[in-house]
Amino acid sequence: MSDQRTAGKAWVMVALLFGFMMINFADKVIVGLAGVPIMTDLQLTPKQFGLVGSSFFFLFSVSAIVTGFLVDRIHSKWALLAMGLIWALVQFPMLGKVGIETLIVCRIVLGAGEGPAYPVALHATYKWFPDDRRALPGAIISQGASIGVIIVVPILTWIITNYSWHYAFGSLGVVGLLWVLLFAIFGEEGPDVAARSAKADTLDRLPYRSLLLSPTNLASWCSYFGAYFGLALVLSWFTPWLIKALGFSQSVAGQLTALPFLVGFFVVIGGGWVSESMMRRGYSSRAARGVLTGAALIVGGLALLAAPFVASVALKIVLVLIGVALPSIVYPISPAILAEITPPSQRGAMLGINSAVGTSAGIIAPYLMGSVIEGAASTVEGYSLGFSICGVVTLVGGVIGLLFLRPESQRARFDIVKSAAVQAT
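A. Just the overall build of the protein chain, in detail. When helices and strands are counted, the protein chain shows 22 helices and zero strands. Whereas a compact globule of 425 residues would reach a radius of gyration of roughly 22 Å, the protein chain reaches 21 Å, a difference of no more than 12%. With the C-alpha coordinates aligned to their principal axes, the bounding extent of the protein chain is approximately 65 × 45 × 35 Å. Sorting the 425 residues of the protein chain into buried and exposed places 59% on the buried side. Partitioning the intrachain contacts of the protein chain with sequence separation of at least 6 by distance along the chain shows that 85% fall at a separation of at least 24. Summing over all exposed atoms, the protein chain offers an accessible surface of approximately 16200 Å²; the carbon and sulfur share of this is 70%.

Now the structure itself:
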């Protein structure tokens, strides 16, 4: 296969996986977008609604780890098709009359199906691109999430406002089935599969203990967790915050819900481009990936901490947008760092574990926010305290990332381990 034809197929896969992530995040954001109607119809307290938001992540991390190991042994295409089918089918029960129990069960199943989505999508993409060319396609795929939300939020808001939140869920199921059909026809496995399967050299592996306990990997977990804490809050609570704390209508709040994802789109695409450009110009991965990630989280955390102390509604929204969007640069860069230090035969598992640990913030953040709101003297104070807690978590993740994301040093240590293994044989 010619290089030009391979490159063309690579970007077709990027486009398909971009659509994959569009649906993924539309599925995530629908509960927050319909939060107030759902709470009203089902008579849910803030804590109960927070439980609904957190339930999505109950099996999210476990599924990401299990599937991460699985895609090191099977073609990524089959895993992606199975996930897409689960996402679509689990939306259709929402078309009928449901209670909180059905809603929670469906969100748990959906979370199990979506947990591996991003790491598996990146794993499939990395099979088509060399290390120094991965940041941009990774950024594009990750921002399928933002574009998905930007495109579908007005449509879903219109459906919720004019019809019912039940129909909004059903429409996502239909779109999911269409993607499954397209990917079954056009999706392909990357060319590095044949090269990997032809290699039986056990020295192209490292002990998982060494990989998992390496400072760079642990720092990646912390920075990912710090960034995802804010994203999890936005998915469940941004629209209710706009309505209950800031006084916007459902229609206006629904339109504003796209803002974090719109800002995140430019942050991640721009950040991925800057990181890749720095790598090409000879900057170290430590600078182009580690420092860039840590600094973004630190600024985001400080913005969230400042948000409760400003009086202007517009400035509050701007600070929250900075706080949750700027750290999103971690989503394409953290996996690129791990792919840089991990043997290809173990990459799927490590990316899955990284995503699992980072996204476990989603189990905590929505329920914590609901509990804080319910226990606060007022709704406004509850939201302010919740965003402040998020700011601290993001800030700590950024400091750890800034100090310990050192891919070159980690790779050098792993090379020593491999050399010692070769000599021992």
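Now, onward.
B. Spotlight on unusual backbone geometry. Although it is not a glycine, Gln-43 sits at a positive phi angle of roughly 55°. Mapped onto the secondary structure, Gln-43 falls in the loop between helix H2 (35–42) and helix H3 (46–55).

C. Main features of the confidence of the model for the protein chain. The share of residues in the protein chain with pLDDT of 70 or more is 93%, and the mean pLDDT across the chain is 85. Contacts from residues 193–203, a stretch scored under 50 in pLDDT, to residues over four places away or in other chains number 12 contacts.

D. Region of the structure containing the nonpolar core. Judged by nonpolar contacts, the single largest core of 109 residues is most densely connected at Leu-17, Phe-20, Leu-80, Tyr-228 and Trp-241. For this core, the leading source of residues is helix H13 (residues 215–245), giving 15 residues. Ignoring sequence-local partners within four residues, the contact set of Leu-17 consists of Leu-80, Ala-121, Ala-124, Thr-125, Ile-141 and Phe-183. In terms of nonpolar packing, the next biggest core, distinct from the first, is built from seven residues, Val-267, Ile-329, Ile-337 and Leu-405 among them.

E. Local environment of the packing of helix H7 (residues 117–126) against helix H19 (residues 347–359). At their nearest, the axes of H7 and H19 sit 9 Å apart, and the two run at 150° to each other. When the axes of H7 and H19 are compared, the pair comes out roughly antiparallel. The way H7 lies across H19 gives a crossing that is right-handed. The segment H7 lies against H19, with Pro-119, Leu-122, His-123 and Tyr-126 engaging Arg-347, Gly-348, Leu-351, Gly-352 and Ser-355. In terms of residue class, the contact of H7 with H19 is built from four nonpolar, four polar and one charged.

F. Focus on a nonpolar patch on the surface. A cluster of nonpolar side chains, contributed by Leu-51, Phe-58, Leu-59, Val-62, Val-66, Ile-363, Ile-364 and Tyr-367, occupies part of the molecular surface with about 640 Å² of accessible area. Taken together, the elements giving at least two residues each to the nonpolar patch come down to helix H4 (60–70) and helix H20 (361–375). Among the elements that take part in the nonpolar patch, H20 stands out by supplying three residues, more than any other. Relative to the helices and strands, Leu-59 is located in the loop between H3 and H4.

G. How the structure looks around the pattern of salt bridges. Counted under the stated rule, the structure contains four salt bridges. Its salt-bridge partner being Glu-114, residue Lys-28 comes within 3.4 Å of it at the nearest N-O pair. With Lys-28 in helix H1 (residues 3–33) and Glu-114 in helix H6 (residues 100–114), this residue pair connects regions lying 86 residues apart in the sequence. Like Glu-114, Lys-28 is buried. One salt bridge connects Glu-340 with Arg-411, and the closest N-O pair in it is separated by 2.5 Å. Linking Glu-340 in helix H18 (residues 330–341) with Arg-411 in helix H22 (residues 407–424), this pair joins segments that are 71 residues apart in sequence.

H. Region of the structure containing the packing of H13 against helix H21 (residues 379–404). Orientation of H13 relative to H21, taken along the N-to-C sense of each, is 160°, at an axis distance of 8 Å. Classified by the angle between their axes, H13 and H21 sit roughly antiparallel to one another. H21 is crossed by H13, and the crossing has left-handed handedness. Class assignment of the residues belonging to the contact of H13 with H21 gives a composition of 17 nonpolar, nine polar and one charged.

I. Layout of the environment of Gly-294. The topology assignment puts Gly-294 in helix H16 (residues 285–306). Assessed through its relative accessible area of 1%, Gly-294 is described here as buried. With 33 residues separating them in the primary sequence, Gly-294 and Pro-327 have C-alpha atoms 8.4 Å apart. In this structure, Gly-294 is in contact with Gly-398, Gly-401 and Leu-402, ignoring residues within four places of it in sequence.

J. Representation of the state of the cysteines within the structure. Evaluation of the coordinates by the stated rule reveals zero disulfides. For Cys-390, which is in no disulfide, the shortest distance to another cysteine sulfur is to Cys-222 and amounts to 15 Å.

Basis of the calculations
- Residues numbered from 1 in each chain as written.
- Predicted model: local features only at pLDDT ≥ 70, side-chain atom pairs only at ≥ 80, totals over all residues.
- Heavy atoms only, no water.
- Helix = DSSP H or I, 4+ residues; strand = E, 2+ residues; numbered from the N terminus.
- Rg over C-alpha atoms; globule rule 2.2 N^0.38 Å.
- Buried < 20%, exposed > 50% of the residue type's maximum accessible area, 1.4 Å probe, protein only.
- Contact = heavy atoms within 4.5 Å.
- Areas by Shrake-Rupley, 256 points an atom, 1.4 Å probe, with all protein chains shown as cover.
- pLDDT = per-residue confidence, 0-100.
- Core = buried A, V, L, I, M, F, W, Y, C linked by side-chain atoms within 4.5 Å.
- Axes fitted to C-alpha atoms, helices over the stretch in contact; angles between N-to-C directions.
- Parallel < 35°, antiparallel > 145°, perpendicular 65-115°, else oblique.
- Left-handed = near helix turned anticlockwise from the far one by under 90°.
- Nonpolar A, V, L, I, M, F, W, Y, C, P; charged D, E, K, R; others polar.
- Patch = residues over 30% accessible without salt bridge, like charges linked within 9 Å, V, L, I, M, F, W, Y side chains within 5 Å.
- Salt bridge = Lys/Arg side-chain N within 4 Å of Asp/Glu carboxyl O.
- Disulfide = S-S within 2.5 Å.

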